[in-house]
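Structural overview
Here is what each chain is made of, one letter per residue.
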Amino acid sequence: MRLHEYQAKSVFADAGIPTPDATLASSVDEVVEAAEDIGYPVAVKAQVHVGGRGKAGGIKLAESRDEAEQVADEILGMDLKGYHVDRVLVEEAVDFVNELYVGVTMDRGEGKPVAMVSTKGGVDIESVAEETPDAIAREHIDPAFGMHPYQARKVVYDAGVPRELARDVASVLQTMYQLWDDRDASEVEINPLMVTDDDEIIAADAVMNIDDDALFRQQELAEMEEETFEDDLERKASEYGFDYVRLSGNVGIIGNGAGLVMTTLDLVDYYGGEPANFLDIGGGAKAERVANALDMVFSDENVDAVVFNIFGGITRGDEVAKGINSALEQFDEIPKPVVVRLAGTNAEEGREILNDELVTVEETLEDAVQRTVEYSEEEAQ
Ligand code: GDP
Ligand code: MN
């Protein structure tokens, strides 16, 4: 689960990390009201889960009431790399002389968390990491002992942070590691950690990702999740307990098992189609789960055709077929063509049971995907 900037900042601020004065707003009027309250200049920042908002036009400064109104109007409602912006963070703009990068993430190669600091923070940290990796200092942490104060000082020193800032930056890093550990985070990051001309530091951006499997013991953060869904389909998927990712194409994909769904995505692409989603309904395919999955793909207005890729393991093919039939029988009219490929235990019995007035049945995965791509092209016309 990924927190929004405003949520991560509130967690950081509660832990004692300096953050700018800020208010969340969802209309032009609210932006202006917040800006008048905070005082100019303000930064108006799109709250969507994409990196590089600055470069994409999702972050703008306003020096006056008129400008606040204008940038609010530009950013609210805009499409930012495929995401609709309906909320912005209005924030006291920081006057900075330098931008640092600080973060803690998991180094899977080492099997340990790693703390990272760089004096080359700001919007281009990805290219810094690629072109001059030495400009990012790293220190691995033994999770059994936590981050020792000397480790925080060392990585800050290695990064070349000026003396007069070193103590404060080390203390922020120490707090971030504590948050990483206490809150079951997979990643915490501040980029940029802005430095003002009087040597204050302030977190101008905040990233915090939480391990989904730990949400059961992170009640406060789990409650924030509700607010983080970018659209209704993601919310629905979470209610139904599906693994779901919305993509930009028009071929709906449903399967039981992540690998199976990934393979289907690849094949759709191979045959010239464009996947509309990743949807893994998990083990079993009882009528209710199948109906819920269909509800999801049918309510995605981008979907023109649907392919079901089911492998009967413990759940037998005939059971799945009954599930698909009864799910489809609930519709007066099937809104979009559905193609089914059934393999594994009792696949043949399953294929016989499937009602071919409601679905197209194909024996091989290749045929099923090709057929679905054809349907999607016909429907799209
Ligand atoms: P990101 O592009 O999505 O990572 O968004 P950031 O919050 O990191 O902002 C990107 C860039 O916008 C920063 O590196 C700054 O250069 C600029 N920026 C963000 N907030 C402020 C602010 O309060 N004051 C000023 N002057 N610039 C800001
Ligand atoms: Mn950033």
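Residues numbered from 1 in each chain as written. Chains lettered and ligands numbered in written order. Predicted model: local features only at pLDDT ≥ 70, side-chain atom pairs only at ≥ 80, totals over all residues. Heavy atoms only, no water.

Describing helix α10 (residues 287-298)
Here α10 spans 16 Å end to end across twelve residues, near enough to the 16 Å set by a 1.5 Å rise per residue. All of the buried residues along α10 are V290, A291, N292, A293, L294, M296, V297 and F298. (Helix = DSSP H or I, 4+ residues; strand = E, 2+ residues; numbered from the N terminus. Expected span 1.5 Å × (residues − 1). Buried < 20%, exposed > 50% of the residue type's maximum accessible area, 1.4 Å probe, protein only.)

Considering the coordination of the manganese ion (ligand 2)
Think of it this way: four donors in a tetrahedron around the metal ideally sit 109.5 degrees apart, and six in an octahedron ideally sit 90 or 180 degrees apart. Within the protein, the manganese ion (ligand 2) binds to N191 (O) and D205 (OD); these donor distances fall in the range 2.2 to 2.3 Å. Of this pair, N191 sits in strand β10 (residues 185-195) while D205 sits in the loop between β11 (201-203) and β12 (207-210), and the two are 14 residues apart along the sequence. Accessibility assignment for this pair places N191 and D205 in one class, buried. (Donors = N, O, S within 2.8 Å, 3.2 Å for Na, K, Ca; no water.)

Here we look at the environment of V123
Looking at where V123 falls in the secondary structure, it is placed in the loop between β8 (112-118) and α4 (125-131). For V123, a relative accessible area of 54% corresponds to the exposed category. Through-space distance from the C-alpha of V123 to that of A276 is 30 Å; in sequence the pair is 153 residues apart.

Some thoughts on the pattern of salt bridges
One pass over the full model with this rule turns up 18 salt bridges. The salt bridge involving E139 is made with K154; its shortest N-O contact spans 3.4 Å. Taken together, the positions of E139 in strand β9 (residues 136-140) and K154 in helix α5 (residues 149-158) put the pair 15 residues apart, joining distant regions of the chain. Here E220 makes a salt bridge to R183, at a shortest N to O gap of 3.3 Å. Linking E220 in helix α7 (residues 219-225) with R183 in the loop between α6 (163-182) and β10, this pair joins segments that are 37 residues apart in sequence. (Salt bridge = Lys/Arg side-chain N within 4 Å of Asp/Glu carboxyl O.)

What to know about the domain arrangement of the protein chain
Taken domain by domain, the protein chain holds domain 1 (21-92), domain 2 (96-225) and domain 3 (232-380). With centres defined by C-alpha atoms, the gap from domain 1 to domain 3 works out at 40 Å. (Domains from an automatic or database assignment.)

Side note on the nonpolar core
Of all hydrophobic cores here, the largest spans 41 residues; its most connected members are V102, V169, L173, I190 and M208. For this core, the leading source of residues is α6, giving nine residues. For V169, the contacting residues outside a window of four places in its chain are L100, V102, V156, V161, L193 and I201. Counting 29 residues, the second-largest nonpolar core is a separate cluster that includes I254, A276, I281 and L328. (Core = buried A, V, L, I, M, F, W, Y, C linked by side-chain atoms within 4.5 Å. Contact = heavy atoms within 4.5 Å.)

Quick notes on the sheet that holds strand β6 (residues 88-92)
Sheet architecture is open: four strands sit in the order β1-β6-β2-β3, paired in antiparallel fashion. Unpaired on one side and paired on the other, β1 (22-25) and β3 (59-62) mark the two borders of the sheet. Averaged over all pairs of adjacent strands, the angle between strand axes in this sheet comes to 20 degrees, irrespective of strand direction. Note that β1 and β6 share four bridges and pair antiparallel. When the sheet's bridge partners are listed, T23 is paired in β6 with V90. Sitting on the sheet, helix α1 (residues 5-14) is in contact with β1, β2 (42-46) and β6, with an inclination near 45 degrees to β6. (Pairing = 2+ DSSP bridges. Axes fitted to C-alpha atoms, helices over the stretch in contact; angles between N-to-C directions.)

Quick word on the site of ligand 1
In the vicinity of ligand 1 there are 19 residues, among which K45, R53, G54, V94 and E99 approach most closely. The contact in question runs from an oxygen atom of ligand 1 to an N or O atom on the backbone of G54, over 3.0 Å. Interatomic distance of 2.8 Å between a side-chain N/O atom of E99 and an oxygen atom of ligand 1. Against a free-state accessible area of 560 Å², the protein chains account for coverage of 84% of ligand 1. Going through the elements one at a time, β2, β3 and β10 are the ones with two or more residues in the shell around ligand 1. Looking at which element gives the most residues to the shell around ligand 1, the answer is β10, with three residues. (Near = heavy atom within 4 Å. Polar contact = N/O pair within 3.5 Å; in protein donor to acceptor, adjacent residues only side chain to side chain. Areas by Shrake-Rupley, 256 points an atom, 1.4 Å probe, with all protein chains shown as cover.)

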